[in-house]
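# Close look at the chain arrangement
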Amino acid sequence: MAHHTIVATHLSPLYPPSDANTIVVPTKQGYAPLPSVSQESDLPLEHATYASMFDSIPTGPILFRVVHGGLVLELISLAHDVPSLRIVFPAPLLPHPSVFIWNQLELHVIAVTTAASLFRIVLPITHDGFLWQNAALSGRRWWREYVISKLHGVPTGTMVQGQGVHCVVISLPGGSLMRLEAKELGGENEDDIWEEHVFHHSSILNSLTSILNTSVPGAFDIVSLASLPQPTDIGHIWTLSRDRTLRLWSNAGCVASKTLPPSGITSSTLRKNQSQVHGLLDEFPQKLLRAIYPQGYDAPLVVVFIPSDSPSASGGVFHVLHTVREQLVTAQVISSSLASKQCHLQDFTVADDILYALWDNQGRSMVDWIKLSIDSRLKVDGEEQAWNTAEYPPEIELTPEYLDEPLVSPGSLTDRFLEATMRPGMFSDLTLRVALAQYTDACLSLPGPHPAPLLATYNSLGENIAAVVGCTVQLTQDAHSNTSQYDKYWIALKRDWEGFIARCREIERSSRWPLAIGVNRADAGIIVVERERLATVVDTDLPLQLQLKLSSSAPSTLQLSGRTDPPLTLLAILWDLRAKMDRRSILAVESRITDIIRQEIAFSYADVIQVEAQRLTFIDEGLDSWIMGRLQHVENLETSARFILDVIGGLERVPKAEEEESLETLETHSRPSWKKALVASYVASTVQARYDHCLSLAILLFLVSEDLPHWDPSLLAEILVVFRGIAILRHTIRRPAGEHGSKAASAEEDVVAGLRNMSVSSGRPRYAPSSSLIYCLLPRFMPSTGISSAGHVFLDTTGLLQSVSPAHVTQQEVTYCERLRLQGYLEVTRDILSWFPRTPSISYVLARLLLDEGRYEDAASSFESLGGVFGSESGLSYEDRDALEAVLPSGVAIASIASYYHHISALFKNAGVVTYEILFSQSALANAPTDTNTTSLWYTVVRGFIDLGMYHEAYNALASLPSEKLKRDCIPQLVYRMCEEHSVDRLMSFNFAGLVGEVEEALCFKARNADPRIRPFYSRILYTWYISRGDYRNAALTMYQRAKKLKVLQEALPQATDLITMQLEAYAVSINALSLLDAEDAWIAVPMASRSGHQIRKHAGVLMHIPEEKIAIGAKDTVIICLEEIRHEYVVLSMLLEVAHLDSRLLSIGDLPQSPALLLSKLVQGRRYDTAMAAARALNVDMNDVFAQLTSQCLKLTRNSGYLIDETTNWLLTDEVSSWSGTYIDRAWRYLRYSLRKYDGPQTDFAYSKTVLELLLASERSSAPPPWLIESLQEYQPEYLIRTFLRYDFIENALEHVLFVIHKDEGKKFQDDSSCPAFHAWLPYTLIDQVLLVADSSPDAQSSRIQRLVHDIRSTLSRRLDQDLNRAEAVRP
C-alpha cells in the first residue's frame, strides 16, 4: 500500500509577478534584433519552460525558472519569504542557465542568449533573510556581458552547462563542445574576458563510427550535459549523444566514450549480439545525465538514463558509471519502476545515495526513488532495492459530466459554475486570468457591437468572470408564438460556461507539466517543480493510503500490514458500491444524512435513519441483492464500521507537546509561505479522502437501516458526528478566502507595476492574488516535524473530529467557528453554524455573526434570549459552560448577567447601533448589584438617547443620574446635539433645575469659540436662552460679542458683505435687548484682553472700572458699553454696507472708508439721500452738504425737463416717492420739501433750509424761491430771510418780507401790565433802515412796485411810532 503522496501549490498566488523585483539587462550588441516572445503551443507567458533547484547553506534552496518564452529568469527563495527576482534578458536564453554561490557573499547567474552573449549576473546577498532584495532595489550595474565570437547562428539544440563561475561549456552540432574559460572577471563597470576553445571527438574509432552511421544524421548531437556540482576542482564534462554514447571531456578534449545499450538490453546481451541498435534519442535537450561525487568515494559517478523504446516496458534504465583513470566503467544498471510504464522522465537527481526520478505520467507528476546499492569501492552491495513511488491523490476534474452535479443544488447556473471554478486548488489565478483573456479576445473578435461587460472594469477576478462569461448569450423569442425561449437560453449559457471551463482545464493541465526535481537539504524533502506549481512528497495517513489503493485498482479486498482485515473488506465493498451508483443517488444520500444531522430530533437515530431509508430509493433491486450478498461475508458489520470510523477520525501524526518547538523561538522566515500552502493542500487531500470514506459509511447505514435498532446507539451518534466534522472541513477546504488586499492601485502604481512586469501594453486588469480559506486559517508558525504532521495538528486544533454526539458541541468546535467569524469569513461561518445544535455557545457566535452582517434586530433578539443562561442559577452543563466561556471575553462572567448585558452593549456600541446599545445598558443597570459602579452605563444611556435625538428621554435620564459630576459631563453633549439638530425650542423648554449654570457655560463656550458664520449659531441660541429667562443685559452682551467676532472676520475678508449684514443684525438685536431695560441700566460690561487693544471714543460715555484686585498680571479689564454707543456703531456699519453696495470696487481692493464723514460723503455721491440723512441725524453730523447736493439735483431736473431717469436719480424711484403724483420734477421738489420738514427745524436753527434758500437764490435769479421754503423761514427766521434777499439783490422780496414782519407784529396784542410793552413793540429797525436805504439806491428804485412798498413801510413805521409814543405817555405816572 502506498505510503507517500504528492501535494502541490500554485506559485502565482505566493509569488505574484507584480511583487517581484526586476533587473533589466541591456546588451552591447546594438545590431541585435528586439526580443520577441515565442507563442509556441499557446504556452502562457508565466508558464516556465525550464526550472531547476539550487541549494547552499547561506541561501537555502532557490528555485530558478525561465518564463516569458526564455526572456525572463526568475529566482525564488524557498527558505525566506522575500519577493522573487526577475532578470529580463535582451534575447531568449539557451538551455540551461546556472546559479552558483561565490565566497558565501554573492550569487552568480551564468546564462547564454540566442544572440551569442554570455551574461554573468552578480547578486550580492545578505544573511538576514532578505537575500537579493537590497541588491535588486539599489539600481547598480550587476551584469557583465561577453559576446562569443566562435558561436555563429546558435543552431537549434545548443545547450549550455555552467561548470562554475570561471568555466562554461556549450554544445555544438555534430557532438563538438565549446569550452569558455574566464581570463578576467570584470568589475562593476567592466565586462568579463573569456577564452574560447572548441573540441571535437576526433579519433579513429569515432571516425569509423561516423562512417558507419552516415545513414543516421544527427546521431552525434549532444542531448544532455553534466558536470560535478560546485565546489569542486574536477573540470570534467560528461555528454550524452543521441546515439546513447556517453563521453568524458577534460580540458584537452574528449578522453573517453562509452555507448550504452538501449533500454531492456543488458551488457551481457550486448556482448553476445554485437549488432548496433540504431534507435536515436529525441533531439531536444533532456535531463538524462547527473554527475555526483558521493562522500567517501574515490572517483566521481555519473548516472545516465536511457529511455525505453518499448511502450510495454518500464520507463527506461538507469546506468551508474564511475570514472577511473579517465575510463567509464558501468557499476550498476537499474531498471525503472513498473509504475513508470508509458511515462517520460523529466528530471532526476541523486542525494545521499538515493536516486530520485521525476516522471511525466500523462501530464501529472510522479516521483520514484531508490537507494543506490554501491559501496565506496564502487561495487554492487547486496540486493537491489525496490522502488518507492509517490503520486497525486485522486482529484476532481470539472468535466461536462461532473458539471451537472452543481446544478442539482439550489442557486443560479452562474453562481454554481463560478463556485466550482473558484474552488481552491482547482485552477490557479494565473489560469483563470489567461482563460478569461482568451475568452474575452474571442468574444471581441465576433462581428457586431460588443456587450458592455466585455469593456467594463471590475474589482475582483471572480466578479470579472461572472460578468463576462455568457455575456454574449441572448434570450431569443420564438418567431411564431413570440414567447421567450428560456430552454435554449439555459442550454447556450451552460455550453458557454463549459467552454470557458474547458479553456481553464487545458491551461491548468499545461501548468502542471513536471519540469524538475530537487532535494531540500534542510529537511531532506523532495521538491517537485512544475510549470506553475511547486510540489513535494509527503507521508500519507491511513485514510489517504486507503483512498490511493482503492482508486488505483478498486480491489474487492484491502490488505493492511500484509493481511486482509474485515473492516477493510467492508470499505472495499462500499467503495465498489459507490462506483456503481449514479451521482444523483449519492447526492441524495448525502443530502438526507445532512438533513438528519442539522435537525434537532427527539427520536433515536436508528428510527430516523430507518424512516429516511424507506423514503429514499438509491439503488435498484439487482444491485441491492448483489451488495447485500457481499456484506454477508463480513463477520461483524458493527465492529467493522467502528474500525472504519476510527480510521476516518484518527490523527496519527499529531506530535506531542514536548516534541513541539516553542513558537517564540521560531523566526518569521523559517517557515516560508509555500510550505504553509503545501500544508493546506495536504489538509484538503486528507479531508477529501476521509469524506469519501465517511460517505461510504453513511451509505451503509441506509443499506442496513432495518438492522440499526440492534446497533449500539453511541456508534450511530459517532458516525453522524464524524460525518458532521468531516463535512464541515470539506466545506472549508472548498471555499476561497477571497482576494485580500485588492484595493485599487493608483495610476502611478499601475505604471510602475507594468514596467516591472514588462507588461506595460498589456491593458489587462491586475487583481490581487487569492488564497484558500484553509491557508488563511493555518497558524503563522508551522511545526518542524513535516507537512503531514502540521496538517494533522491543524485538524486536531479544530476539534471537529473529537465530538461523540451530534447533540453536543465541544469547546474546540465553537472556537473554530468563532475564529472564522473573527477573520471575517461570515458566509462560511453561517454555513458551518447551521450544522450545530443551538447550544448557548453556538447561539452566542450566531448572534455575533448576525451583528457582523448588519442584522441588528435579529442579533439583539438572539442576545436577549441568551441572557437567560447567565446568572448564578444558569443551569448550564459543564460542557456548555466551557464552550461558552471559550468565546466570551475574559471580563464577562457567566454568573453575572449584568456583565453580560454590559458586554453586549459594548458590542452594539462598536457596531454603531445606538438603539440596542441603550437597551442592553438599561438591562445591565436593572440587573447590576447595588455596590457596582454604574457610571459608564448611565453615561452610555444618556449619550445614546442624545445620539438618537430622543432629547426628552435624554433629559429624564440626565435628571436621574446619581453623580453630579456625570451630569456636568453630559449636559454639554445634550446642549450641543440639540443645537446641531435645530431643536432649540425643545432646549428652551427644559427646566435644567440646578444645572442652569452648566448649560450657560456650555453655550458660552461655543459662542466664544465657534465660527459665527456656521450653523448652529450658538450666540443666537445663547441670546434666546437669556431672553427666555429675562436676562436682557447678558442677551445684549452675547449679540454684541457676536458682532465683534464678525467684525474681526470681516476685516480679514473685506469682500464678504454678508458678514456686515450679520453684524448689523447682531447690533440690532443687542439694541433691542438693551432697550427693554431702564435708561439708566441700558449698558453692558465687556471684558477687555488688554487696555491698548480697545480704543475708547471720547464722545462715548465709557467708564473704566479697575478694582485693585484686578490689576494683577493676567487680569482682564471691563469696559462699560452704553446703548447709545451700540447704536452709533450700528449706524456707522449700516452706512458702510450701503457704501459697499454702491461701489463694489472698494470691496475688491479693501478700501472701504471707516470715518462717518467719509461714509456720509460716499452716500451723498451715490444719491443715497434717505440713508445719508438718517445716519447723519443718528450720528449728529451736519447735513448741509446733503441738502446742497439734493437741491442741485432738483435744479438740474428743472432746467432739463427732458432729462432721463438714470442711476443718478434713483432716489426718485423709491416706493414712497414713486407713489406721489406729478412729474419727476414735482416729485423731486416735494422730496426736498419732505426732507427739510423731517430733518430741519428750530432744533437745527433751520440751517438746512437756509442752505437750500441760498443755493436757489444763487442759481435761479429769474424765479422766486418755493413758497413752502419761504413760509418756514418767514415764520421762524424773518431777519435771516430779509438779509439773504438783500444780499442776493432781491430788493423787492426783501421789502415784502419787511412789510410782512411789520404787519405780523401789529397783529400782536399787548399783554398784561406785568410785561414790558416796549419789548413787544421791538422791530429790527436797523435792518429795516438798511433795506430802505438799499431800495432807494438800487437801479430799480424808480419802479412803481418798489416805490409803493417803500412808501407802505415808511408810513406804517411812522404810524407805529406815533402809537408807541402815545402809549408811553399814557402809562407815564
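Residues numbered from 1 in each chain as written. Predicted model: local features only at pLDDT ≥ 70, side-chain atom pairs only at ≥ 80, totals over all residues. Heavy atoms only, no water.

## Section: the packing of aromatic side chains
Rules: The criterion for an aromatic pair is that two Phe, Tyr or Trp rings (for Trp, the six-membered ring) have centres within 6.5 Å, with stacked assigned to planes under 30 degrees apart, edge-to-face to planes over 60 apart and tilted to the rest. Strands here mean DSSP runs of E at least two residues long; helices mean DSSP runs of H or I at least four residues long; both are numbered from the N terminus. Note on classification: 1.4 Å probe, protein chains only; a residue is buried when its accessible area is under 20% of the maximum for its type, exposed when over 50%, partly exposed between these limits. Consider the ring centre and the ring normal. A charge sits over the ring if Lys NZ or Arg CZ is within 6 Å of that centre and within 35 degrees of that normal.
One pass over the structure, following the stated rule, counts 28 aromatic pairs. Ring plane angle 55° and centroid distance 6.4 Å describe the contact between Tyr-50 and Phe-64, whose orientation is recorded as tilted. You can see Tyr-50 sitting in strand E3 (residues 50–56) and its partner Phe-64 sitting in strand E4 (residues 60–67), a full 14 residues away along the chain. Each member of the pair, Tyr-50 as well as Phe-64, is classed as buried. When the ring centre of Trp-835 is taken as origin, the NZ or CZ atom of Arg-598, which lies over that ring, is 4.4 Å away.

## Structural notes on helix H32 (residues 1018–1028)
Filter applied, for reference: Every residue pair with non-hydrogen atoms within 4.5 Å of one another is taken to be in contact.
For H32, the complete set of buried residues consists of Tyr-1018, Ser-1019, Ile-1021, Leu-1022, Tyr-1023, Trp-1025 and Tyr-1026. Residues of H32 that are buried make contact with helix H29 (964–980), helix H30 (984–989), helix H31 (996–1009), helix H33 (1032–1052) and helix H34 (1057–1075). Among the residues trailing H32, Gly-1030 stands out with phi positive, at a value near 75°.

## Focus on the sheet that holds strand E12 (residues 167–171)
So the rule is basically this: Strand pairing requires that DSSP identify at least two bridges connecting the strands. The convention used is that axes are lines fitted to C-alpha atoms, helices contributing only their stretch in contact, and that angles between N-to-C directions extend from 0 to 180 degrees.
The four strands are arranged E11-E12-E13-E14 in an open sheet whose pairing can be described as antiparallel. Edge positions in the open sheet fall to strand E11 (160–162) and strand E14 (193–199), since each of these has one partner strand only. With direction set aside, neighbouring strand axes in the sheet form an average angle of 20°.

## As for the side chain of Thr-245
This is how the line gets drawn: In the analysis that follows, any N or O atom pair within 3.5 Å is treated as a polar contact, provided that within protein one partner can donate a hydrogen and the other can accept it, and provided that, for residues neighboring in sequence, both atoms belong to side chains.
Considering the arrangement of structural elements, one finds Thr-245 in strand E17 (residues 245–250). When its relative accessible area of 5% is taken as the criterion, Thr-245 is described as buried. A polar contact of 3.2 Å, which involves the side chain of Thr-245, links it to the side chain of Thr-259. Not counting chain neighbours up to four residues away, the residues in contact with Thr-245 comprise Thr-239, Leu-240, Ser-257, Lys-258 and Thr-259.

## Section: the environment of Val-1217
When you line up the elements, Val-1217 lands in helix H40 (residues 1215–1218). Judged by relative accessible area, Val-1217 falls into the buried class, the value being 2%. Not counting residues within four places of it along the chain, the set of residues in contact with Val-1217 comprises Trp-1211, Leu-1212, Arg-1227 and Tyr-1231.

## What to know about the nonpolar core
As a reminder of what qualifies: In this description, a nonpolar core means a group of buried Ala, Val, Leu, Ile, Met, Phe, Trp, Tyr and Cys residues linked to one another through side-chain atoms lying within 4.5 Å.
The biggest cluster of nonpolar side chains holds 275 residues, and the ones touching the most others in it are Trp-711, Tyr-844, Phe-863, Phe-908, Phe-992 and Leu-1295. Broken down by element, the residue count for this core peaks at 19 residues, all from helix H15 (residues 673–703).

## Some thoughts on the sheet that holds strand E5 (residues 72–77)
Pairing in this open sheet of five strands is mixed, and the strands run E2-E6-E5-E4-E3 from one edge to the other. The sheet is open, and its two borders are formed by strand E2 (21–24) and E3, each paired with just one other strand. Averaged over all pairs of adjacent strands, the angle between their axes in this sheet comes to 20°, without regard to strand direction. Of the pairings in the sheet, the one linking E4 to E5 comprises six bridges and is antiparallel in character. Bridge pairing in E5 places Val-66 opposite Leu-73.

Function-wise, these values are silent; they only describe arrangement.
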